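Remarks on the overall topology
What follows is the residue order along each chain.
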Amino acid sequence: MVGFGRKAAAFAAALAFSTTALVLPVAAQELKIGIKTEPSALDPQFHTLNPNIQVGAYFFDALIAQDAELKTQPALALSWKAVDDTTWEFKLRPNVKFHDGSDFTAEDVVFTYERIPKVPNSPGPYTIYTRSMKSFEIVDPLTLRIHTNGPAPLLPLDVAALPILSKKAMAGPAPEGKTTAELNSGNGLVGTGPFKFVEWQRGSKIVGERNDAYWGPKPYWKTVILRPLSNNTTRVAALLSGDVDMIEDPPTTDLAKLKNDPKITLAKAISNRVIYIALDQHGEPPIGIPDTNGKNPLMDKRVREALSIAIDRKGIDDKIMEGIAVPAGDLLPYPMGGTRKDTPVDPYDPAKAKKLLEEAGYPKGFSITLGAPNGRYINDLKLAQAVASMWTRIGVKTDVDANAPPVFFKNRDSFKYGAYLAGWGASTGELGNALKSLAATPDRVKGMGTTNSGRHSNKEMDAKLEEALVTIDDAKREALLADASKILMAEHGLIAIHFEVSVWALRKGLTYPGRADQSTFAVDVKPAK
Amino acid sequence: MSETSLVAPKPQTPFQRVVSDFCEDKLAVFGLVLVALALFVAIFAPWISPQNPFDIGSLDLLDAKAPPGSVSGDGKLTYWLGTDGQARDMMSAIFYGMRTSLFVGFVSVVAALGIGVVVGLVAAYAGGRTDALLMRIVDIMLSFPAILVALILLSVLGKGIDKVLIALILVQWAYFARAARSAALVERNKEYVEAAACLALPPSRIVFRHMLPNCLPSLIVIATITLARAIALEATLSFLGVGVPVTEPSLGMLISNGFEFLMSGSYWISFFPGIALAIAIVGINLAGDHLRDVLNPRNLR
Amino acid sequence: MLVYIIRRLMQAALVMVVMSALVFAGIFMIGDPVAMMISPDASDIERDAVRASLGLDKPLWLQYLAFVNAAVHGDFGKSFLAGQPAMQLIFERMPATLELVFFSTVIALALGLPMGVYAGLRPKSVGAKTIMTGSILGFSLPNFWVGLMLIMVFAVLLPDLIPGFPRLPASGRGATVNVLGVRLSLFTADGLLHLLLPALTLALYKGALIVRLARATAREVLPMDYVKFARAKGLSENRIVGVHVLKNIMIPIATVNGLEFGQSVAFAVITETVFAWPGMGKLLLDSILLLDRPVVVAYLMIIVVFFVVLNLLVDLLYSVLDPRVRLESRAT
């Protein structure tokens with residue numbers, strides 16, 4: 001037992017040492033952020049994954065930036081305009097330097113855009129943003145024209161998703177210049193962004209250093225360290241113990257505790273992600289509804305309305321989401337592009353829901369299976385179970401079929417669900433993206449309704465949407481989108497439940513304005529005044 | 001124990017001997033009581049549970065995360081062990097979870113025992129190449145950790161009680177096969193088997209009617225230990241997210257669901273299912289440990 | 001001897017073929033890795049392009065043959081998600097797992113050995129009975145639940161109840177230092193602190209095993225003539241235990257620890273999940289969830305090699321130590 005005693009003493013010493021280490025002041029001007037997911041690569045053209053996009057914005061800039069509400073703002077381009085229906089012209093910002101000191105010109109932009117299709121093995125290619133681009137024309141070093149395949153009103157948003165690489169630093173023998181592996185190790189990782197790359201230890205941390213020659217407002221922090229802490233409990237524990245200064249996305253179960261902690265402040269922002277339920281409307285026989293003699297009740301608008309008003313959105317947001325959700329009546333929150341200020345949210349009215357079911361000819365209700373992913377969206381499984389219990393109460397006996405995300409996607413895409421709960425974050429910050437993917441009549445060739453596995457279809461809405469998608473004029477386009485969304489919501493083509501509210505937890509004394517796209521940008525983190 | 005035999009000993013059947021030996025160890029009896037308790041709860045779950053946790057229509061979100069001893073919103077029910085994030089009564093959930101856990105454990109062990117015994121006896125009786133081949137397979141199965149094999153299998157098969165059963169049977173049969181073979185090898189050289197062979201009885205009859213009954217005691221001991229392991233393994237797999245579906249929670253699934261609440265103070269969601277799981281497993285092991293001593297032929301007096 | 005080794009290696013190759021084929025077929029059945037990784041905005045054409053670039057557009061058997069062909073040449077494929085060689089990703093994570101297993105072995109020995117010997121020396125004492133019952137608990141309690149309870153007690157309950165009680169880190173790895181190019185957390189106070197709870201969790205099962213082994217050996221050795229002789233000579237009890245008993249215990253303990261090492265690596269998958277330990281087990285689970293097939297397959301290949309080599313070493317060692325063991329006979 002002697003050995004054990006000695007061991008215990010050693011641990012006690014270690015404990016004492018580390019507790020004193022914890023109270024030491026944090027190194028000045030160093031910001032440590034606990035992020036939820038580690039990027040899969042630092043090559044900003046490898047994978048259209050949120051963590052990659054987020055980290056990319058530390059080291060790189062795009063021509064256009066999106067502000068906290070996802071509106072476009074000048075970045076490396078000072079201004080842009082549509083010269084004609086198929087040509088966009090960008091005036092570039094002068095006197096911008098890359099981290100290696102070289103000048104930023106239109107050459108870099110063209111190199112960047114032309115590299116995208118050449119990146120091999122990309123699991124989520126950036127070509128989704130270049131598909132409307134036909135050719136590039138360098139008018140002068142600071143003027144670039146992009147010719148498009150057809151009218152491309154959303155080109156500025158595409159451009160905003162493409163961080164600009166340095167043509168000079170990226171030179172290399174491979175067809176794409178520097179390879180993804182080289183960029184991951186920092187070789188060629190030269191941008192114009194607010195931070196310079198220092199190192200990446202996979203699984204452990206990404207380190208950046210302030211770019212003192214930055215063209216925009218300079219970041220407060222000399223050093224920024226991103227630590228991937230994927231486990232929710234871990235991330236909170238790291239913040240509480242002072243290991244990190246702020247964390248993304250604290251779990252809802254811990255919010256109450258964090259709110260009451262005097263050492264912690266919370267930052268919140270309504271996000272662009274809507275959680276919705278799609279209802280199978282492809283026709284008959286219905287999917288997963290065994291007791292209606294082959295009739296599909298979901299084809300009836302009254303039934304869809306009943307299912308919507310049977311949901312106690314407020315109760316869900318209070319009890320399950322702990323207040324970090326906002327009841328939704330649309331696919332994006334106001335004031336994003338195409339949304340209406342006065343969009344109604346379906347009120348909770350189980351009595352009326354029962355009556356509607358009766359009118360529709362289902363006085364005894366029916367049975368249905370609600371598909372849901374487990375672990376993809378905030379509290380997705382719990383939400384599905386709550387909805388199921390609410391539907392069951394109005395007589396629609398609901399089974400939840402929750403699966404790991406890959407299985408869920410597979411089932412959804414092969415139309416296995418009569419109803420399914422899912423989420424959608426319109427990265428463009430305007431309704432066209434959500435309506436096109438979730439609600440337009442599916443047409444694989446045109447790329448319409450690609451995620452509309454409920455197969456809702458409404459010609460009137462399709463027409464409005466298609467017109468909007470080729471309308472260059474912003475105000476006109478947004479009005480058309482608002483009309484399309486109004487039609488969809490009046491038809492209860494799908495049931496919007498809520499918008500997620502993104503939360504950040506910070507050490508007291510720091511502020512973060514929050515962003516609708518749920519990104520965490522160290523540039524915007526500042527000490528409280 | 002020789003003192004007691006001074007009083008004229010009543011002739012004991014082997015079964016009685018086992019029972020009386022077993023009862024001498026208080027700890028083992030305690031284990032048996034725990035097992036009986038777990039079994040009772042599992043079998044009668046639908047009748048003794050205050051609430052049917054599968055009937056989601058009866059859940060009221062407002063009662064979610066109620067601490068132990070709270071009364072439900074409509075005043076009809078006391079949540080003795082609290083409720084989870086879905087307002088499910090933990091006591092009912094544990095009763096039903098025990099049902100799932102024990103079901104999976106028993107069925108998988110019985111099936112693995114069946115398969116293992118057949119393979120082991122065939123190998124022992126046939127000998128030669130058949131024996132070599134079968135034992136090679138057994139060796140390979142045994143050289144990999146069960147947890148890893150089951151994890152890979154289940155991530156491939158997907159969720160579901162049937163799939164968990166397949167995985168558990170697959171990682172367990174080899175223990176029984178090896179044990180059955182070695183027990184049978186001992187029996188094979190005994191006279192009664194030779195005698196039976198001389199009578200030209202069909203091999204299957206010799207193997208199953210004569211050799212099998214004599215191998216059973218040692219197999220039963222292994223089965224008890226394996227049962228405890230199977231229940232723990234299923235819980236672990238469910239915890240890792242590849243076991244039973246969330247809609248039919250086993251004890252492991254309940255513990256896993258409560259994990260996220262642990263840090264925020266709602267300990268009961270994870271704690272009580274864990275205690276229930278520990279009761280079942282420890283009970284089986286306490287009883288099984290002693291059963292091994294009792295059934296061990298070396299300990300015969 | 002050589003024939004024996006070759007035979008074992010061929011067996012390992014066979015297991016690899018079976019396992020990898022199983023994983024290929026399995027992940028093919030679960031779902032589409034591309035659907036997990038690609039932006040939901042992508043059109044069918046873009047999805048097909050990704051599938052083609054990752055080789056997922058070909059029939060399954062062709063994909064598998066391509067894998068086998070590359071694997072024979074030492075290339076186990078690139079992670080779908082990271083685009084980097086799968087083996088490299090695993091090797092990056094391996095030190096974290098190995099140091100966890102190593103530290104837990106140390107704890108198991110430090111706790112299990114004295115307890116087991118004590119129980120063997122005084123089998124009738126209350127202490128011995130408590131230890132033996134405790135070892136049953138150690139066997140029985142599922143690893144993950146023990147981890148949860150340790151977190152609850154040492155990271156939540158005690159620090160909340162007793163002011164000044166240090167809150168033990170419940171997750172993640174502590175500060176690391178670079179030792180010969182490998183990042184290890186064993187040599188920093190913060191690192192050890194982070195190691196404590198996960199290693200304790202992992203040590204419980206192994207410790208219980210060691211207790212039982214040590215007790216059994218002690219009870220076997222004590223009645224031996226030479227121990228009795230040593231006692232008669234008037235040697236102190238400490239010396240008898242220290243020299244005669246421990247010497248005899250070391251051989252079985254070393255063997256069991258060698259064999260159990262592999263088990264611990266496997267069980268580390270669970271411990272790493274509970275404690276968010278960035279080891280290769282965590283990588284395996286993450287990869288399974290994301291359907292990152294190359295990483296899953298590469299992990300399995302490593303484990304197969306690991307186990308085969310471990311078993312081979314133990315067998316060889318036995319044949320060296322005990323000439324009566326003939327390897328050829330064990331092989332059949």
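The model shown is predicted, which means the values in this text are computed figures rather than measured ones.

**Re the nonpolar core**
By size, the foremost hydrophobic cluster in this structure holds 294 residues, and its most contacted members are A:Leu63, A:Phe90, A:Ile277, A:Leu331, A:Trp391 and A:Leu435. Shared between two domains, this core holds at least three residues of each, these being domain 1 (2-72) and domain 2 (93-326) of chain C.

**Concerning the packing of aromatic side chains**
What the rule picks out here adds up to 26 aromatic pairs over all chains. Judged by centre distance (5.5 Å) and plane angle (85 degrees), the rings of B:Tyr267 and B:Trp268 are edge-to-face. For B:Tyr267, a relative accessible area of 33% corresponds to the partly exposed category. A relative accessible area of 7% means that B:Trp268 is categorised as buried. Centroid distance C:Tyr205 to C:Phe267: 6.3 Å. Interplanar angle 25 degrees. Geometry classified as stacked. One end of the pair, C:Tyr205, is in helix α8 (residues 189-221); the other, C:Phe267, is in helix α10 (residues 237-275), and 62 residues separate them in sequence. The class for C:Tyr205 is partly exposed, based on a relative accessible area of 30%. These aromatic residues form a ring-pair network of at least three members: A:Tyr276, A:Phe408, A:Phe409, A:Tyr417 and A:Tyr420.

**Overview of the interface of chain A and chain B**
On the side of chain B, 19 residues touch chain A, which itself brings 24 residues to the contact. Buried area between chain A and chain B, both sides added, is near 1900 Å², and the carbon and sulfur share of it is 56%. When residues of chain A are sorted by the area they lose upon contact with chain B, A:Thr253, A:Lys319 and A:Gln385 head the list and together hold 29% of the total. At the boundary of chain A and chain B, one finds zero residue pairs in polar contact (both at pLDDT 80 or more).

**Focus: the pattern of salt bridges**
Residues and elements named next belong to chain A. What the rule picks out here adds up to 26 salt bridges over all chains. Between Asp 100 and Lys 168 there is a salt bridge whose closest N-O contact spans 3.8 Å. Pair noted here: Asp 100 is in the loop between β5 (87-92) and α3 (106-115) and Lys 168 is in the loop between α5 (155-160) and α6 (180-184), with a separation of 68 residues, a long-range link. A relative accessible area of 36% means that Asp 100 is categorised as partly exposed. Shared partners join several salt bridges into a network, and the residues in it are Lys 81, Glu 89 and Arg 145.

Conventions adopted
- Residues numbered from 1 in each chain as written.
- Chains lettered and ligands numbered in written order.
- Predicted model: local features only at pLDDT ≥ 70, side-chain atom pairs only at ≥ 80, totals over all residues.
- Heavy atoms only, no water.
- Core = buried A, V, L, I, M, F, W, Y, C linked by side-chain atoms within 4.5 Å.
- Buried < 20%, exposed > 50% of the residue type's maximum accessible area, 1.4 Å probe, protein only.
- Domains from an automatic or database assignment.
- Phe/Tyr/Trp six-rings, centres within 6.5 Å; stacked < 30°, edge-to-face > 60°.
- Helix = DSSP H or I, 4+ residues; strand = E, 2+ residues; numbered from the N terminus.
- Contact = heavy atoms within 4.5 Å.
- Buried area = accessible area lost by both parts, 1.4 Å probe.
- Polar contact = N/O pair within 3.5 Å; in protein donor to acceptor, adjacent residues only side chain to side chain.
- Salt bridge = Lys/Arg side-chain N within 4 Å of Asp/Glu carboxyl O.

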